[in-house]
Amino acid sequence: QVQLVESGGGLVQPGGSLRLSCAAAGSIFRMYGMHWYRQAPGNQRELVAGITTSGSTNYADSVKGRFTISRDNAKNTVYLQMNSLEPEDTAVYYCHADLSRTLSGPIYSYWGQGTQVTVSS
């Protein structure tokens, strides 16, 4: 069994910062791509940022220059540093990871439970 456990959400004023963490725990052989998505009320879930095992990153245009994704492969953990937060960033943020559980096994996709980020004065 594998779980993705997120932390770091909360309430912050516009212009403030938050750092989200997502740790994968359980029977894991190898981690692949890791991502952060978000979903605001009434909107579809959207990709915020992604990072490969080698550290290549990609970002949604709306967060470029403000958010930074990183990972610690030894800890099976991905982070999202969010700076200059805007009210439009308010959403539930979800961690997503692709991983294998055995040497020759298939790659599975897992989701975290979500963490609320609210940007408001």
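Up top you'll find the structure we're talking about.
We now turn to the structure provided with this report. Residue positions within a chain follow its written sequence, with the count starting from 1. Local features in this predicted model are restricted to residues of pLDDT 70 or higher, and side-chain atom pairs are both shown and tallied only at a pLDDT of 80 or more, whereas totals for entire chains, interfaces and linings draw on every residue. Where side-chain values are given, they derive from all heavy atoms of the structure, hydrogens and water being excluded.

Here we look at the side chain of Thr115
Stated formally: A run of H or I in DSSP counts as a helix once it spans at least four residues, and a run of E counts as a strand once it spans at least two, with each numbered from the N terminus. With a 1.4 Å probe rolled over the protein chains alone, any residue whose accessible area is under 20% of its type maximum counts as buried; one over 50% counts as exposed, and the rest are partly exposed. Any two residues whose heavy atoms approach within 4.5 Å are treated as being in contact.
Here Thr115 shows up in strand S11 (residues 115–119). When its relative accessible area of 11% is taken as the criterion, Thr115 is described as buried. The residues touching Thr115, leaving out its near neighbours within four places in the chain, are Glu6, Gly9, Leu20, Ala91, Val92 and Tyr93.

Focus: the pairing of strand S9 (residues 91–100)
Cut-off, in case you're wondering: Being paired, for any two strands, means DSSP has found at least two bridges between them.
The element S9 is extensively covered by neighbouring structure, given that nine of its 10 residues are classed as buried. Where S9 and S11 come together, three bridges link them in antiparallel fashion. When the sheet's bridge partners are listed, Tyr93 is paired in S11 with Thr115. Alignment of S9 against strand S10 (residues 107–111), held across five bridges, turns out to be antiparallel. Each residue of the ladder has a partner; that of His96, found in S10, is Trp111. Two successive antiparallel strands, S9 and S10, enclose a turn made up of six residues.

With respect to the nonpolar core
Rule in force here: What is meant by a nonpolar core is a set of buried Ala, Val, Leu, Ile, Met, Phe, Trp, Tyr and Cys residues, joined one to another through side-chain atoms within 4.5 Å.
Residues Trp36, Val48, Phe67, Val78, Leu80, Met82 and Tyr93 are the most contacted members of the largest nonpolar core, which totals 31 residues. The set of elements that each furnish at least two residues to this core consists of strand S1 (2–7), strand S3 (18–26), strand S4 (30–39), strand S5 (46–51), strand S7 (67–72), strand S8 (77–82), S9 and S11. Ranked by residue count, the leading element in this core is S9, at five residues. With sequence-adjacent residues up to four places away left out, Tyr93 is seen in contact with Glu6, Leu20, Trp36, Tyr37, Arg38, Val48, Phe67, Leu80, Met82, Gly114, Thr115 and Val117.

Concerning the pattern of salt bridges
Rules: A carboxyl oxygen of Asp or Glu within 4 Å of a side-chain nitrogen of Lys or Arg is what we treat as a salt bridge.
By the definition in use, this model includes five salt bridges. We note a salt bridge from Arg38 to Glu46, for which the minimum N-O separation is 2.7 Å. According to the relative accessible area criterion, Arg38 is buried, its value standing at 6%. Ionic pairing is found between Arg38 and Asp89, a salt bridge with its closest N-O pair at 3.0 Å. Residue Arg38 is found in strand S4, and its partner Asp89 is found in the loop between S8 and S9; the two are separated by 51 residues along the sequence. Both residues of the pair, Arg38 and Asp89, belong to the buried class. The network of salt bridges with common partners includes Arg38, Glu46, Arg66, Glu86 and Asp89.

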